[in-house]
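Listed here are the chains, written in short residue letters.
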Amino acid sequence: MSIDNLLDSTTPPIALRSSELEDLIAAIASGAAERARLDQSPFDQIELIRQFRLGTVTLPLDEGGHGVSVRELLSLVIDLAEADPNVAHILRAHFWQVNEILRLPASPQRNAWLEEIRSGKIFGNASSEKGNRAAGASSFATALTRSGQDFILNGEKFYSTGSLFSDWLAVSAQVDESTIASVIIPSDRDGVTIVDDWDGIGQNRTGTGTTVFDNVVVHPNEVITLRSTSDITPRPSDGALLQLYLQAIVTGILRNVVTDAIGLIHSRARTFSHALAEQPAQDPILQHVIGKIASTTYVAEAAVLTAADAIDAAYRSEREGNPDSALFTAASLAAAKVKIHVDEVGLASATALFEVGGASAATRSKNLDRHWRNIRTLTLHNPTSYKAVAVGNTTINDATLPLNGYF
């Protein structure tokens, strides 16, 4: 179904039946490879997601959502990443902010934000910064200062994934030496400039660039949290979800690697004179390569969804009013283990794809290198080596995992 047909649908967007969801994902998938080849941003596809209010799926049923579990959410993310990994990545910060809003105490402020989510609005991210501050540290150059009844926001963010496509921006800022704030402001407010300057080798149409705040007014109801940097009290964290979300995207890309490997085999009219079979599809060497790629994809998906169950267990304890820090630690450990393995085998599979196609597989028109480039970029969101050290130290010495957003 075309994008125009979907947008002309008379079915209420909130009533996503499985057939509607399939049509939506198919529309997002349509032309995705060509968009990647031409370096085009998925603005139309994100508009579809707004219209269908896909961003409501993690809201509880009694809050107007679908109440999906983390396992169900990441299964959806895998489907979206198979359709277009840029689209799946753009939504990562949105689901994080939905969780943060759900944690707010009952109030008109919370109700107003929930209504924004229910209306289909998309939330973007403006948290990370360049400079000499350590990644993951609770310290920001971006400043939030009091101005009468309001606040003023000044600073510059980078890695602002999704912001280019978003209605609202979640921003982390320093209030004073000992206090940091999280605020949510409209992406089109005066003083906000979103620069599409991400030039990564992969995932390059996710709006992951610079966001500048120049004397931006922030109203009191837009301040979501104020937190002391000295407060080390354990609290529920979305770190494990945010990290495992990336492996779900990798898994969706691996599905495409399998599909493209099959397509390459069947598109080949000849093989080498010394090959083990006259037809590439009957060659056991090539069957072996695709068998390994398909098996890697299967195991990656199983690993992601199994770790999702650990995150669900942690969130369940939070919903029951007694967040269990041990369950949140177990969830982070599970997500870290998945990353360590999937990063390695995912990259190997994206490389092995070329082994089934010969020299023609490397042509720019086929653009098959996008899978490797996208996976490589996703693996760099935090170093696999540090994850492995943390898992090893925890396994051997029962050490505590780092307490930051990268875990």
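> Would you take a moment to explain the overall build of the protein for this structure?
Each helix and strand in the protein was counted, giving 13 helices and 8 strands. Each of the three principal axes of the protein carries a C-alpha extent, and together these read 80 × 60 × 40 Å. For the protein, contacts bridging at least 24 residues in sequence account for 74% of all contacts bridging at least 6. Counting 33 positive and 47 negative side-chain charges, the protein places the averaged centre of each group 4 Å from the other.

> How should I be thinking about the packing of helix α11 (residues 325-352) against helix α12 (residues 369-379) in this particular structure?
What describes two packed helices is the angle between their axes and the distance between those same axes. Closest axis-to-axis distance for the α11/α12 pair is 9 Å, and the angle between their directions is 160°. Between α11 and α12, the angle falls in the class roughly antiparallel. Our pair here, α11 against α12, has a crossing hand that is left-handed. Counted together, K339, D343, G346, L347, A350 and T351 of α11 and H371, W372, I375, R376 and T379 of α12 form the full contact between these two elements. In terms of residue class, the contact of α11 with α12 is built from 4 nonpolar, 4 polar and 3 charged.

> What am I meant to see in helix α13 (residues 384-397) here?
Each α-helix winds once per 3.6 residues, and so residues spaced three or four apart point in a common direction. Relative to the 20 Å expected for 14 residues at 1.5 Å per residue, α13 spans 20 Å between its end C-alpha atoms, a close match to the ideal helical length. K387, A390, V391 and T394 are the residues of α13 that are buried. Down the axis, α13 shows its buried residues gathered within 95° of arc, on one side only. Projecting away from the buried face of α13 at angles above 90 degrees are the exposed residues V389, I396 and N397. A positive backbone phi angle near 55° is found at D398, which sits one or two residues after α13.

> I tried to follow the packing of aromatic side chains on my own but got confused; where do I start?
Each aromatic ring pair is summarised here by two numbers: the centre-to-centre distance and the angle between the ring planes. Per the stated rule, a full pass over the model turns up 7 aromatic pairs. Here the aromatic rings of F43 and F165 are separated by 4.8 Å at their centres, their planes lie at 40°, and the arrangement is tilted. Taken together, the residues span a long stretch of sequence, with F43 in helix α4 (residues 43-52) and F165 in the loop between β3 (150-157) and β4 (168-176) at a distance of 122 residues. Their ring planes at 80° and their centres at 4.8 Å tell us that W113 and W168 sit as a pair that is edge-to-face. Taken together, the residues W113 in helix α8 (residues 108-118) and W168 in strand β4 connect sequence positions 55 residues apart. Through a chain of ring-to-ring contacts, three or more aromatic side chains come together here, namely W113, F123 and W168. Over the aromatic face of F407 sits the side chain of K387, whose NZ or CZ is 3.9 Å from the ring centroid.

> Would you mind showing me how to read the pattern of salt bridges here?
Pairing between side chains becomes possible if they bear opposite charge and their charged atoms approach one another. Per the stated rule, a full pass over the model turns up 23 salt bridges. Measuring nitrogen to oxygen at the nearest pair gives 2.8 Å for the salt bridge that ties R71 to D309. Here D309 lies in helix α10 (residues 284-319) and R71 lies in helix α5 (residues 70-83), a separation of 238 residues in the sequence. For R71, a relative accessible area of 32% gives the class partly exposed. The shortest N-O distance in the salt bridge between R103 and E100 comes to 2.8 Å. Its relative accessible area of 27% is what places R103 among the partly exposed residues.

> How should I be thinking about the side chain of Q203 in this particular structure?
Looking at the secondary structure, you find Q203 in the loop between β6 (192-195) and β7 (210-218). Assessed through its relative accessible area of 1%, Q203 is described here as buried. For Q203, the side chain forms a polar contact with the side chain of H89, separated by 3.2 Å. In contact with Q203, not counting residues within four places along its chain, are P85, N86, H89, W198, I249, I253, N374, T377 and L378.

> It is not clear to me how the nonpolar core should be interpreted in this structure. Could you clarify?
L74, L244 and I249 are the most contacted members of the largest nonpolar core, which has 68 residues in total. Those elements giving two or more residues to this core turn out to be α2 (18-29), α4, α5, α6 (85-90), α9 (239-267), α10, α11 and α12. For this core, the element with the most residues is α9, which contributes 15 residues. Excluding anything up to four places from it in sequence, L74 contacts L241, L244, Y245, A248, V304, L305 and A308. Counting 15 residues, the second-largest nonpolar core is a separate cluster that includes L153, A173, V183 and V216.

> How should I be thinking about the environment of A137 in this particular structure?
Note on placement: A137 falls in the loop between β1 (123-126) and β2 (143-147). A137 gets classed as partly exposed once you look at its relative accessible area, which sits at 33%. Measuring from C-alpha to C-alpha, the distance between A137 and N404 comes to 7.1 Å, with 267 residues separating the pair along the chain.

> Is there a simple way to explain the environment of I185 in this structure?
Within the element layout of this structure, I185 appears in strand β5 (residues 179-186). Spatially, the C-alpha atoms of I185 and L169 are 5.4 Å apart, while their sequence positions differ by 16 residues. Setting aside residues no more than four positions away along its own chain, I185 makes contact with L153, D167, W168, L169, V171, V192, F213, V216, V218 and E222.

> Sorry if this is basic, but what is going on with α5 here?
An ideal rise of 1.5 Å per residue puts 20 Å on 14 residues; α5 measures up with 20 Å between its terminal C-alpha atoms. Of the surrounding secondary structure, the elements contacted by the buried residues of α5 are α2, α3 (32-38), α6, α7 (92-102), α9 and α10.

The rules behind the values
- Residues numbered from 1 in each chain as written.
- Predicted model: local features only at pLDDT ≥ 70, side-chain atom pairs only at ≥ 80, totals over all residues.
- Heavy atoms only, no water.
- Helix = DSSP H or I, 4+ residues; strand = E, 2+ residues; numbered from the N terminus.
- Contact = heavy atoms within 4.5 Å.
- Lys, Arg positive; Asp, Glu negative; His and termini not counted.
- Charge placed at Lys NZ, Arg CZ, Asp CG, Glu CD.
- Axes fitted to C-alpha atoms, helices over the stretch in contact; angles between N-to-C directions.
- Parallel < 35°, antiparallel > 145°, perpendicular 65-115°, else oblique.
- Left-handed = near helix turned anticlockwise from the far one by under 90°.
- Nonpolar A, V, L, I, M, F, W, Y, C, P; charged D, E, K, R; others polar.
- Expected span 1.5 Å × (residues − 1).
- Buried < 20%, exposed > 50% of the residue type's maximum accessible area, 1.4 Å probe, protein only.
- Arc of directions from axis to C-beta.
- Phe/Tyr/Trp six-rings, centres within 6.5 Å; stacked < 30°, edge-to-face > 60°.
- Lys NZ or Arg CZ within 6 Å of the ring centre and 35° of its normal.
- Salt bridge = Lys/Arg side-chain N within 4 Å of Asp/Glu carboxyl O.
- Polar contact = N/O pair within 3.5 Å; in protein donor to acceptor, adjacent residues only side chain to side chain.
- Core = buried A, V, L, I, M, F, W, Y, C linked by side-chain atoms within 4.5 Å.

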